[in-house]
Every structure is written in structure tokens, then in C-alpha cells.
Amino acid sequence: MDFIFSTIGFLSLALHVFCQWALGRAVVTFIVSTKEGRPNGFAVEYTSGLLTYLALLLLLKCLGVPWWLACYAPYLLTLGSGRREYYRDLFVIHLPNTWNHVLWSLVQIIIGMTLFDSLSGSIVTPWKNAYGDFPFHFGMISSFALADAFPPEQFFYAGQPLSYPFFINLWSASLWFWSPSYYFLSVIFLVQWVLLWEVFYQAVDGDSNTFIPWLLLLAGGTFSSLGENSGTMIGSGLSFTSFLTTIWVPQRSGVFGAAVASVILQLFFHWHQSREERRPYLLIAGFLLGLSPLVHTHICFIVGVFIFLNLLVYVVYDGAAFKDRLKQTSLFVGYALLSLHALPFLLGKQSIMKLGGHGFFPDAIVSGDLFYSLVFQSIWPLLIAIALIWIGSQAHRQMIILLLLVAFAWTVRVSVWEWDQIKFFVGLYIILLSILATSYRQMRGYVLLLPPLLCIPSAYEVGKIVEEAPRSEIFSAQRVSDALKMREQLPKDAILLAAPDHNGAAILTGRTLYVGYDGWLWSHGINYQERKKRIAHLSSALVCTEAVCPNYLVWTDGEKRFWKRSLPSPMAQLKAVSPILYEITE
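Note that the structure is a prediction, hence the values are computed from the model and not measured.

### Considering the overall build of the protein
Consideration 1: Along the backbone of the protein there are 24 helices and seven strands.
Consideration 2: Burial status across the protein gives 58% buried among its 586 residues.
Consideration 3: When contacts within the protein are restricted to residue pairs at least 6 apart in sequence, those whose partners lie at least 24 apart make up 75%.

### Focus: helix α6 (residues 167-176)
Consideration 1: Counting buried positions over the ten residues of α6 gives ten, a clear majority of the element.
Consideration 2: Of the residues making up α6, those classed as buried are F167, I168, N169, L170, W171, S172, A173, S174, L175 and W176.

### Section: the state of the cysteines
Each disulfide consists of one covalent bond between the sulfur atoms belonging to two cysteines.
Consideration 1: For the coordinates displayed, the defined rule picks out one disulfide.
Consideration 2: The residue that forms a disulfide with C544 is C549, at a sulfur-sulfur distance of 2.1 Å. What sets the handedness of the C544 and C549 disulfide is the S-S torsion sign, and at about -80 degrees it is left-handed.
Consideration 3: According to the relative accessible area criterion, C544 is partly exposed, its value standing at 21%.

### A word on the sheet that holds strand β4 (residues 512-513)
Hydrogen bonds along the backbone pair up the strands of a sheet, which may run parallel or antiparallel.
Consideration 1: The mixed open sheet is built from five strands, whose spatial order is β4-β3-β5-β7-β6. Two strands in the sheet have a free side with no partner beyond their single neighbour: β4 and β6 (574-578).
Consideration 2: Where β6 and strand β7 (residues 581-584) come together, four bridges link them in antiparallel fashion. Paired with L574 across the two strands is I584, which belongs to β7.

### Here's the deal with the environment of E468
Consideration 1: One can find E468 in helix α19 (residues 450-468).
Consideration 2: Look at E468 and you get partly exposed, because its relative accessible area is 43%.
Consideration 3: Sequence-wise, E468 and P126 are 342 residues apart; in three dimensions their C-alpha atoms are separated by 9.2 Å.

### Overview of the side chain of R511
Consideration 1: Relative to the assigned elements, R511 resides in the loop between β3 (495-497) and β4.
Consideration 2: Buried charge R511 goes without a salt bridge, the closest partner of opposite sign being D493 at 7.3 Å.
Consideration 3: Within polar-contact distance, the side chain of R511 engages the backbone oxygen of L490 at 2.8 Å.
Consideration 4: Look past the residues within four positions of R511 in its chain and what remains in contact with it is L146, A147, F155, R487, L490, P491, K492, A494, L496 and A506.

### Some remarks on the nonpolar core
Consideration 1: Judged by nonpolar contacts, the single largest core of 195 residues is most densely connected at F166, W248, F256 and Y429.
Consideration 2: Considering every element that reaches this core, the biggest residue donor is helix α18 (residues 418-443), with 16 residues.

### Focus: unusual backbone geometry
Consideration 1: For the peptide bond that leads from F150 to P151, omega is -10 degrees, which places it in the cis range.
Consideration 2: Counting through the fold element by element, P151 comes out in the loop between α5 (130-147) and α6.
Consideration 3: For D148, which is not a glycine, the phi torsion comes out positive at approximately 55 degrees.
Consideration 4: In the Ramachandran plot, K564 falls in the positive-phi region, its phi being about 55 degrees despite a non-glycine side chain.
Consideration 5: With respect to the helices and strands, K564 occurs in the loop between α24 (557-563) and β6.

### Looking at the pattern of salt bridges
Consideration 1: Inspection of every chain in the model, using the stated rule, returns seven salt bridges.
Consideration 2: A salt bridge links K128 to E468; the nearest nitrogen and oxygen atoms lie 3.4 Å apart. Pair noted here: K128 is in the loop between β1 (123-125) and α5 and E468 is in helix α19, with a separation of 340 residues, a long-range link.
Consideration 3: Connected through shared salt-bridge partners, R531, R534 and E546 make up one network.

### With respect to the packing of aromatic side chains
Consideration 1: Using the criterion set out here, one finds 44 aromatic pairs in the structure.
Consideration 2: When the centroid spacing of 5.7 Å and the interplanar angle of 85 degrees are considered together, the rings of F243 and W248 count as edge-to-face. The two residues F243 and W248 agree in class, both being buried.
Consideration 3: Relative to W520, the ring of Y517 has its centre 5.4 Å away and its plane inclined at 85 degrees; by these criteria the two rings are edge-to-face.
Consideration 4: Three or more aromatic residues joined by ring pairs form one cluster here, namely W104, W193, W197, F200, Y201, W214, F243, W248 and Y429.
Consideration 5: The residue whose ring lies beneath R278 is Y281, and the NZ or CZ to ring-centre distance is 5.7 Å.
Consideration 6: Lying over the aromatic face of Y157, R531 brings its terminal NZ or CZ to 4.0 Å of the ring centre.

### Details of the environment of F134
Consideration 1: With respect to the secondary-structure elements, F134 resides in helix α5.
Consideration 2: A sequence separation of 19 residues divides F134 from L115, and the C-alpha atoms of the two residues are 9.5 Å apart.

### Some thoughts on a nonpolar patch on the surface
Consideration 1: A surface patch of nonpolar side chains, amounting to about 640 Å² of accessible area, comprises W390, I391, I400, L403, L404, Y446 and L449.
Consideration 2: For the nonpolar patch, the secondary-structure elements that each account for two or more residues are α16 (371-392) and α17 (396-411).
Consideration 3: Top element by residues in the nonpolar patch is α17. It accounts for three residues.
Consideration 4: Following the sequence through the fold, I400 ends up in helix α17.
Consideration 5: Relative accessible area serves as the criterion here: at 44%, I400 is assigned to the partly exposed category.

### Observations regarding the packing of helix α2 (residues 42-62) against helix α10 (residues 252-273)
Consideration 1: Put simply, α2 and α10 touch, their axes get as near as 10 Å, and they point 125 degrees apart. In terms of their interaxial angle, α2 and α10 are classed as oblique. Handedness of the α2/α10 crossing: left-handed. For the pair α2 and α10, contact is made by A43, V44, T47, L50, L51 and L54 and by F256, V260, V263 and L267, respectively.
Consideration 2: Among the residues making up the contact of α2 with α10, the classes are represented as nine nonpolar, one polar and no charged.

### Digging into the environment of L484
Consideration 1: Along the chain, L484 falls in helix α20 (residues 477-489).
Consideration 2: When the C-alpha atoms of L484 and P180 are compared, they prove to be 10.0 Å apart, with 304 residues separating the residues in sequence.

Reading the values: the criteria
- Residues numbered from 1 in each chain as written.
- Predicted model: local features only at pLDDT ≥ 70, side-chain atom pairs only at ≥ 80, totals over all residues.
- Heavy atoms only, no water.
- Helix = DSSP H or I, 4+ residues; strand = E, 2+ residues; numbered from the N terminus.
- Buried < 20%, exposed > 50% of the residue type's maximum accessible area, 1.4 Å probe, protein only.
- Contact = heavy atoms within 4.5 Å.
- Disulfide = S-S within 2.5 Å.
- Pairing = 2+ DSSP bridges.
- Lys, Arg positive; Asp, Glu negative; His and termini not counted.
- Salt bridge = Lys/Arg side-chain N within 4 Å of Asp/Glu carboxyl O.
- Polar contact = N/O pair within 3.5 Å; in protein donor to acceptor, adjacent residues only side chain to side chain.
- Core = buried A, V, L, I, M, F, W, Y, C linked by side-chain atoms within 4.5 Å.
- Phe/Tyr/Trp six-rings, centres within 6.5 Å; stacked < 30°, edge-to-face > 60°.
- Lys NZ or Arg CZ within 6 Å of the ring centre and 35° of its normal.
- Patch = residues over 30% accessible without salt bridge, like charges linked within 9 Å, V, L, I, M, F, W, Y side chains within 5 Å.
- Areas by Shrake-Rupley, 256 points an atom, 1.4 Å probe, with all protein chains shown as cover.
- Axes fitted to C-alpha atoms, helices over the stretch in contact; angles between N-to-C directions.
- Parallel < 35°, antiparallel > 145°, perpendicular 65-115°, else oblique.
- Left-handed = near helix turned anticlockwise from the far one by under 90°.
- Nonpolar A, V, L, I, M, F, W, Y, C, P; charged D, E, K, R; others polar.

Structure representation (C-alpha cells):
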């Protein structure tokens, strides 16, 4: 039976890629009925199909449709008379045909294969900063696929609506539920990684704009501390970290956001270059922007603000007829208002709404004597790159708007903590590269200076990871084994009382935790202190009078250490399901 479901899972994985591409063609054709000026190509079509699929899948799951039906029902939109063209040419394999594309594809496959490994029974990764982030994603994916937790809620705090751009994990869950093994999940991570970077490559035309894909993949880091883990330096004022080690690998939604943002920006810039012939480009850009908040809120928000400011300048100052300018802008805004669907999931995330002073930097850094030195050590290569792009390109209006947004992000804090604030800089950097993509051929010799300036620190940091070959154990083999056993014994709606570890066995069950890891709770702006006090003593944790209460107690090695006892008590309130799981009876 396991073999059958594994086979179905692999076949489903391939089928989804083709059907999402076909769905994208159908969506683009629906929005733009005439062929004249209609955007096409894999990046636009696949992104349109994938985002439409995930939005419809979310709706169906929230309505209670079972996984096996909900994950295929959106593709019905491509069926019917006259729809054969949606599938035409999809099965023609277009192999990379330039040396840059071949090298890019090989690098992405290699990186994708290293994200995590589970063949030894434990779950390990060589990426240091993923040690804490991957458990969060595993927990959310498990919550979707194994517990059918819809409408989505925080898996680490029972009763709290989910406040996270979760489309990347919903996508993973839709592929994983057939065969929920961690080997298959590693394959899913690999496929998603390669697909999203392929979308970015084609969006910026990496065959012609040779360096631009590498300028994003290997962006960041600082020359002042070559080879150090830049993720640990964020709290010290390093805003331009190595994106690969701090954003792309650990925070999976970041890669998704980068791919979608690059497609939106290139549609916008292509429209801007030929506004009469390419009006549909702006409509598709608005549509994708409207579906993007649950892809990556910070990146897509800053891209939306950038485009809106450009359109505002266009409406006020452009020489075309005012009525026509207003019409085009209104259509874009109308499609972008689809983003309102994300409000129920994002309004609770305090970390994207809190305003404060001195932007990215912590109080201790701002008040210290080395503030300006730290800033300069971090960003001088980026400042030189911005100056070179300004000199070599004609996109001065866009550059001015970009610099205004950089100044805002540098001086005004819009996040509770630095790891969220840095994502705005990631979005701004993606905008900079999109401007470069439209001016690449004008840059001439200047473009040769950009890879050494922007890629050496990050490439060196990644090189140190490869040289040291670390293997951080995210979940031990024992915890994976315990989780697999508990999955079979727990109802889907179980609420677990467990040690608040970031890598406890309870996370992998997919069931909701009564109260989980402090770091996740704090960064999501959840007021968890009362529950945390209650679980400090097991006897008080078992007596619950809230509207939401735990109904199962997990009892693995992590819980024994947390409560400092070998057996749970009082046993009168517990019914043993297994040596590692108890039902709370009172």
C-alpha cells in the first residue's frame, strides 16, 4: 500500500506542474481575450496558474472539500470545448540551451538536493540557519496535510488564526498528502526550489542578462567578516546578509516571493516601455500582485508600493490622455484589490504593522559609537552598485522612487524584529535587479563590476559551509519515530500539551499544540504568557478552564526534561494511549 501511495505521489507531482502551467494559460487568456499584446512564456503562465491554483485550493479546503478532490478540482477550469490550446506544447521539453542556463539549472538542482536529508531516519541539514526555521515549515505542512487544519490556524498555539504567508507550505501539503514520508517531502522541496528559481531566471531573461540571476542567488553578506554566518549578525546591524543562507533556504516563502515579485516587476517594466502595445501586461501584473500577499507579504508589499508610486507619477505627469492614464491605472488597482483575501490571515501578525524609529537597527547599535562604521561595512558595495546602475541606465525615475523607499526602510521600523525588517530590503533589492534587467544592455562595462561587488561575500560564506560540511540535526531519529507512531493514534482535531520545543516530536504529528516554541509565539505577536505560566507545572496544565484546552499529553524525552520527571502525574487525569501519549480525561 505504501508503494502504491508513493507512486501516486510522484505521478501527482509531475501532473501538477503541467496542469498548473495549463491553468496559467487559461487564466491569462481569460483576463486578456485577444492575442495582441498578451504576455506569454513559462514564467508568466506558470506563476499565474500556480497562484490561481493555490487560491482556489485554499477556498475549497476551507469549504471542507477532501484533499483528493480539492487538489485537482481547480484544473477543471482548463477543460471544455476550445480549451485544447491550454495544453498544447506543454509536453515539449525545452532543455536549457545556453551555458548560463545549464550552469544555473545544475546549481539549483545541487542546492535543492541539499536542503534536508532524512535517509538515516533523522532529519538533518547542512544549512545552519535552517535548523530553527525548517521545523516551523514542517509543522505547518503537517498541519495542512495530516490534520486538515482549515481554515488555517497556528499549529503552535491552539485557537489562533494563522498569520503567515503560507502559500508555499499549502503548495507542499497539496503534493505531500498522498505519501507523507520525509524522503518524499525532500523531493517536493527540491522540485519547488528548482521551479521557482527557473521562474526567476526566465522572468529576468537570464539567457540575455547573464549575471542577473546570480546577483540574486548570491546576493548579500559583508566583506568585513568573510566566511562568518551572517544570519547571527543581523541583530548587530547587518541588513545586507547572505540571502541564500538567511532567506532563500531557511525561509521558504522568500524564494516564492522573489520569483513572483520578479514576474510582476518585469510585466510592469515591459508595459512601461510600450504602454499602448502592452496594456495587458499591466492587468496581469495587477492580478498576480493581488494574489501575492500570502506568497510573501513583505516582498510583495514593497513591490506593490513601488509600482503604485510609479503609476501615480504616470497619472499625474505623463503626456498621454488623462482619461486613458486613469483607466489603465484603475484596472491595475482593481485586480490588485484581490489582495484583500489575505487580510484575515495577516491582520493578526503584529510584526508587520508596528511602527518605530531608526529603521532596521536595534537601539544598542544606534546609540553606540560604531554605528556609522557598521552601516558602511554592510552596505558600501550595494551603494556602489546603485551608483553604477544609475550612471549606466536611463531608468532614473524608477531609481528615485526606489531610493525613497530605501530611505524609508532605513529610517522607519515597520517590524517588531530585525529578521522581518530585512525582508523589505530583500524586496527593494529585487526591484533594483528588475531595473537592471531592463537596462542590462545599456550598462556595457559597468555590469562586469557588479558580480564581484555583490556576490563575493555570500559565495564565500556558502563555500565555508560546503568546506565544513556541517550536519545540523533538526529532528532526531527517535523524535521522527515517535511522531510517526503518534500520528496513527491521534484524531485530527487533537490539541497537544507538549514541551515548548522548536523541534519536538509533537510538531511532526500535524496536530495543534496548546502552546509551542516561545520564539515563534513572540515573532507572531501572540500574547502567550498566561498559557506559558500554566504549563510550567504539569498539574496546573492538566486543569484547563479555557475555551481551548489540550486533550492529549505527549510524553517523550523532551517532555520528561521539561517537566523534570520520568512519568506524568496526576495519573487520575490521564488515560494511557501508549508510553509516549496520554489522553487527558478531565
